[in-house]
Amino acid sequence: MTGLPDPLVDALRAFAAAPRILVALDFDGTLAPVVDDPARARAVPEAQDAVLRLAGMPGVRVALVSGRSLSSLIEVAEVPDRVLLVGSHGIELRLDEPGDAVALDAAELERVEVLREVLEDVASGIDRVWLEQKPAGFALHTRLASQADSRRAHLVAMEETRAELEGLTVRHGKNVLEFAVRSTTKGEAIEHLRRYTRADRVLYAGDDVTDEDAFAALLPGDVGVKSGAGPTVAAFRVAGPEEVAHAIARLAELRTDAHEH
Ligand SMILES: O=P(O)(O)OC[C@H]1O[C@H](O[C@H]2O[C@H](CO)[C@@H](O)[C@H](O)[C@H]2O)[C@H](O)[C@@H](O)[C@@H]1O
């Protein structure tokens, strides 16, 4: 008994019947429950099984679309090469051919170094606030800090970075504030993956503010599934990673039914 809402199951059934489908999934908060240490996050077992099953089916491509750096996503996702990966909110891609790694130019590298100095200064001055490095920027993590320290870290980081660098991309996530010297979105990533895979239909599941760009890139016939609370433009909502796992496991069953019988 999965307890998925009937309208979602109906949408999954119609989606599963399309010839070529792309199943694009956010990682943290969607496939994996949120935990204190990002290195320890793992997809719930039912979700992992469903991802592997779907990835092996004809006409199905699976993509993980994450704010994590590609290297961090590879570490925690533990998926075969056939699964397409998007890291750093669309800046980094691992598609079927090698050579998709991000290459920053000299000016961007210089901006990353300025950003590092500013943010290291902020993080070192506030208890339990830490910096995660990514190829094109940094995530300032405040999950373990008090509410007051978290608010202060966000305010100071915004002020100090604005004073030093123009035109940074700033993204607000769950207990994290991200700064990047390149501006891509998960929406652009979905558009790129749709073209790349030639998918007839796309399913996207995500939990955070940055996933809204991906939901906004969906078209009629696509399926958007919001994981957890918060405003969304997705047509469907489930409670969290356990329910996302039920949904994609059900999708794998429906795909088998639609194409083997
Ligand atoms: O796009 P996502 O795959 O959802 O990645 C978003 C960010 O996820 C990670 O941080 C979040 O998850 C951590 C582990 O559960 C948690 O400790 C942290 O508070 C969350 O913000 C990751 O560390 C970031 O780089 C990603 O951008």
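The structure we're discussing is the one just above.
Because the structure is a prediction, the values reported are computed rather than measured.

Reading the values: rules and limits
Residues numbered from 1 in each chain as written. Predicted model: local features only at pLDDT ≥ 70, side-chain atom pairs only at ≥ 80, totals over all residues. Helix = DSSP H or I, 4+ residues; strand = E, 2+ residues; numbered from the N terminus. Buried ≥ 20, exposed ≤ 12 C-beta atoms within 10 Å, placed from the backbone. Contact = placed C-beta atoms within 7 Å.

Draft legend 1. Molecular detail of the overall build of the chain. Broken down by element type, the chain carries eight helices and 11 strands. Summarising its shape, the C-alpha atoms of the chain cover approximately 60 × 40 × 30 Å along the three principal directions. Burial statistics for the chain: of 261 residues in total, 46% are counted as buried. Of all intrachain contacts in the chain linking residues separated by at least 6 positions in sequence, the fraction that spans at least 24 positions is 59%.

Draft legend 2. Here's a closer look at unusual backbone geometry. You will see that glutamate 78, though not glycine, has its phi angle at about 50 degrees, which is positive. The residue glutamate 78 is located in the loop between helix H3 (70-77) and strand S3 (84-87) in this model. Note on glutamate 78: 12 C-beta atoms within 10 Å, which makes it exposed. Not every positive phi belongs to a glycine, and serine 88 is a case in point at roughly 50 degrees. When you line up the elements, serine 88 lands in the loop between S3 and strand S4 (92-94).

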